[in-house]
Amino acid sequence: MAIDAVIIGAGAGGAAAAWRLCNHGLKVLILEAGPRFDPATDYPLTNTDWERTGFPIKPGSTGAVSYGDLGALDPADADLASWNAVSGRQVNSTKRPPSATGYAHVQGVGGSTLQYVGEAHRLNPAAFRLQSDHGAGADWPLSFADLEPHYRTIEAEIGVAGAPIAGARWSAQDHLQPAHPLSTSARVLRDAGTRMGMAWETNTRAALSEPKDNRPNCNYCGNCTRGCPLGDKGSADVTFIRKAEATGRLTIHTGAQVTRLIMGANGRVRAVSGVRDGAPFEQDTPILILAGGAVQTPRLLLANDMANGSGQVGRNFMETLAWTSAGLLPGLTNSHKGLPADAVSWTYNAQDAVPGVVGGCRFTASTQETGLLGPMAYASRILDGYGPAFKAQMRNVFGSAIAVAGTGETIPDERSFVALDPQRVDAAGVPFAQINSVLTDNSLALLRFMASQCRAILTEAGVTELAEENGVWDRFTSTHVFGTCRMGADAATSVVDPFGRSHDIDNLYIVDASTFPSSGGGEAPVSTIQALALRMADRLVA
Amino acid sequence: MLSISRRRVLMSALAASLSPPAFAQQIAATEGEIDAKTLAAYLDILLPADEHTPAASALGIEGDIIGFARQLTQFNQLLVLGTQWLNQTGQGPFHALSLSDQGRVVDWMRAADRNFIPGRFFLLVRLTGVEFYYSRPEAVAGFDLNPAPQPAGYPPPWQ
Ligand SMILES: Cc1cc2nc3c(=O)[nH]c(=O)nc-3n(C[C@H](O)[C@H](O)[C@H](O)COP(=O)(O)OP(=O)(O)OC[C@H]3O[C@@H](n4cnc5c(N)ncnc54)[C@H](O)[C@@H]3O)c2cc1C
Ligand code: SF4
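Just so it is clear, the model here is predicted, and its values are computed rather than measured.

Peer 1: Describe the packing of helix α4 (residues 61-69) of chain B against helix α7 (residues 117-133) of chain B, and please don't skip the residues or the numbers.
Peer 2: Residue and element names in this part refer to chain B. It is at 9 Å that the axes of α4 and α7 come closest, and there the two elements cross at 115°. Considering the relative orientation of α4 and α7, their crossing is right-handed. Contacts between α4 and α7 involve Ile61, Asp64, Ile65 and Phe68 from the first element and Val125, Thr128, Gly129, Phe132 and Tyr133 from the second. Its residues assigned to classes, the contact of α4 with α7 shows 6 nonpolar, 2 polar and 1 charged.

Peer 1: Can you lay out the nonpolar core for me, pointing to particular residues and giving the numbers?
Peer 2: Counting residues in hydrophobic clusters, the biggest one holds 90 residues, and the most contacted among them are Val28(A), Ile30(A), Leu250(A), Leu261(A), Leu288(A), Ile289(A) and Leu301(A). Here the element with the most residues in this core is helix α11 (residues 526-541) of chain A; it accounts for 9 residues. Ignoring any residue separated from it by four or fewer positions in sequence, one finds Leu301(A) in contact with Leu261(A), Leu290(A), Met306(A), Ala307(A), Val313(A), Cys485(A), Leu508(A) and Ile510(A). One finds Phe398(A), Ala69(B), Leu97(B) and Phe122(B) within the second-largest nonpolar core, a separate group that totals 68 residues.

Peer 1: Lay out the site of ligand 1 in plain terms, naming residues and giving numbers.
Peer 2: In the vicinity of ligand 1, 36 residues are found, and the nearest of them are Glu32(A), Ser112(A), Gly118(A), Glu119(A) and Val526(A). Taken together, the residues near ligand 1 originate from chains A and B. For ligand 1, an oxygen atom lies 3.2 Å from a polar atom in the backbone of Ala12(A). Between ligand 1 and the protein, one listed contact pairs an oxygen atom with a backbone N or O atom of Gly13(A) at 3.0 Å. Here ligand 1, which alone exposes 1,000 Å², has 96% of that area covered by the protein.

Peer 1: Describe the sheet that holds strand β12 (residues 288-290) of chain A, naming the residues involved and giving the relevant values.
Peer 2: Residues and elements named next belong to chain A. Here 5 strands make up an open sheet; going across it, the order is β8-β2-β1-β12-β21 and the pairing parallel. Because the sheet does not close on itself, it has two edges, and the strands there are β8 (250-253) and β21 (508-510). Taken pair by pair, the neighbouring strands of this sheet meet at an average axis angle of 20°, ignoring direction. Strand direction decides the pairing type here: strand β2 (residues 28-31) and β8, joined by 4 bridges, are parallel. Its bridge partner lying in β8, valine 28 is registered against leucine 250. Its contacts with the sheet place helix α1 (residues 12-23) against β1 (5-8), β2, β8 and β12, and it is angled at close to 165° to β2.

Peer 1: Can you break down the interface of chain A and chain B residue by residue, with the values?
Peer 2: The interface is formed by 59 residues belonging to chain A together with 54 residues belonging to chain B. Joining chain A to chain B, the criterion identifies 4 salt bridges. Those elements giving two or more residues to the side of chain A that touches chain B turn out to be β6 (98-103), α5 (184-195), β13 (321-328), α8 (375-382) and α9 (387-397) of chain A. With 6 residues, α9(A) is the largest single contributor of residues to the side of chain A that touches chain B. Of the residues belonging to the side of chain A that touches chain B, the class tally is 23 nonpolar, 25 polar and 11 charged.

Cut-offs and rules
Residues numbered from 1 in each chain as written. Chains lettered and ligands numbered in written order. Predicted model: local features only at pLDDT ≥ 70, side-chain atom pairs only at ≥ 80, totals over all residues. Heavy atoms only, no water. Axes fitted to C-alpha atoms, helices over the stretch in contact; angles between N-to-C directions. Helix = DSSP H or I, 4+ residues; strand = E, 2+ residues; numbered from the N terminus. Left-handed = near helix turned anticlockwise from the far one by under 90°. Contact = heavy atoms within 4.5 Å. Nonpolar A, V, L, I, M, F, W, Y, C, P; charged D, E, K, R; others polar. Core = buried A, V, L, I, M, F, W, Y, C linked by side-chain atoms within 4.5 Å. Buried < 20%, exposed > 50% of the residue type's maximum accessible area, 1.4 Å probe, protein only. Near = heavy atom within 4 Å. Polar contact = N/O pair within 3.5 Å; in protein donor to acceptor, adjacent residues only side chain to side chain. Areas by Shrake-Rupley, 256 points an atom, 1.4 Å probe, with all protein chains shown as cover. Pairing = 2+ DSSP bridges. Salt bridge = Lys/Arg side-chain N within 4 Å of Asp/Glu carboxyl O.

Shown next as structure tokens:
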């Protein structure tokens, strides 16, 4: 089959690029290491033991990732420890370990969007000038205005619902679906935050409030991270992949892990090779687009020693700061019902919004997102005790849990990078991607601000005793990762140009989260990854 | 933040909880079997029957825990040691003690130092017990919950 472009990875960026290129008339092949997931049969939300299960793991659906230096835990920072009312402190160690999920990701058609919550954010327009305005990290080699039309296309195609406060970030929003109703706990948090002088609004969500493209509207089961069985969540498999396949120009090979990038005679990539369902394969391509994510894309480039004239491949790794505080609020009911992350506050999102810190953060209603959705979570995390009184109390308090989360920015640091693991190799003989990520004093100060703000919001809401706190100080957990193939205008300090094209190899492009020069102040990244992918695709055919 | 498989979370919590050297030593030399009857009686003190819901043993939760422990040697050893310890707390095995004596033992364990067998056994068996118990539809009678989040979901309005 004659192919115009090969894309490695069917996640957020790869799917959006494939859709756009197919619409431009190109024949595209996606090589995807993971399997397909069937929303109707693979997600466990109709089983009565649903609470014991998470997002399903299938053969090949997790990547080869290990951890190097994640930093030390200074007892002086113990106010940032994770704990809950049942088990107490979660980590007793002198070093920061990875959590059970660590770098949270899915390999499969849809990539990590299969498991994502579906927040659909635009970057703060000011976030593109981190170095110029704040003397830290790097600037983006493009502006918000360059991405704005692509954001709009993505939101309209996926079906994003919301009613954000109008401003530079959302000058027009007529293409959005009506906002989702706020859950009971989100209303309480919004009111409490407002009394504290914060601006709260309905979150922009890639979850349908009205049917679209044969996808139904959300029925508010609250379990987006377990996989949405209805398909109303805008994961890449039911949106861009489905639309690209409908053009007849997209082919997807699942279970196909690319391990080698093969150069041609003219300084261009000629082909890729790897292992598909246990058998070796090789595929020629005129254009190669990497979309393996900010951990696997640098791994592939480092393992092939390619596109690294700048020495920046794997460097500038940015994890995301995360903090959640939770408690029980007498009188609150039904807090397990509704859409996760339904309300958001951007008050502290600008890079200078938090005194003494470079980098922003945002706050989200997170009762459902943190999994306080069923009795198992209550009994094992936030309500201690046993015997008849405990069982009666479980019934009395169920539905009154309330949680608020902060999500914040990290600034690139030389101790945070993805490298090839010196010891471990996968079944195909490729070294694991080893994540090294250390929280700087700046990160700790921002995390501390997020924690104190979350506590204050819950207090203002009427919570008298906290029942659980989780943060990244004592456990590396990152759903949003960035920066390992930084985009920039200067080939000496960046890996790809402002359109995602390698500075070193003309027909090699990158369209995943690895190209972000900075992360923004806690914005969820998928919309930006996909806007960049569309921009790259348009440039490629121009 | 995330919601991931509770099984994975539990496995890693148990492994972390049982791995510190001082504690690992206490359970390393353990031999014998878990006393299933004692474990069942112990779980019934934690999760007894009431007017809405059955006791843990009526749902076979001790069997679920024993099956789960087969995948994690150290947890299995803790259960062996813990049930042996329980059987030495009174005259005869724990499951043969009166309910009030059983209750007194569990009260003491709850307050015990968690770096030693009784306290750690209390914490981890409670944790696994409530996970298995509340995953059973019979245990959630009286809660405002669908049997599962789908297919009905929770359409608004919510008060
Ligand atoms: C629990 C959770 C919640 C989240 N919530 C949100 C949210 O609400 N909003 C938001 O915007 N973001 C959210 N995210 C983050 C978001 O999902 C990721 O940032 C995004 O999917 C990253 O896109 P990507 O294209 O960089 O990589 P991915 O989506 O991870 O896709 C990479 C794909 O490439 C494939 N691949 C990698 N290497 C190879 C190889 N060598 N050969 C073949 N295939 C390969 C992988 O199998 C994978 O399918 C969440 C993430 C998680 C885990
Ligand atoms: S809350 Fe809505 S979007 Fe999320 S899984 Fe349930 S039905 Fe899907």
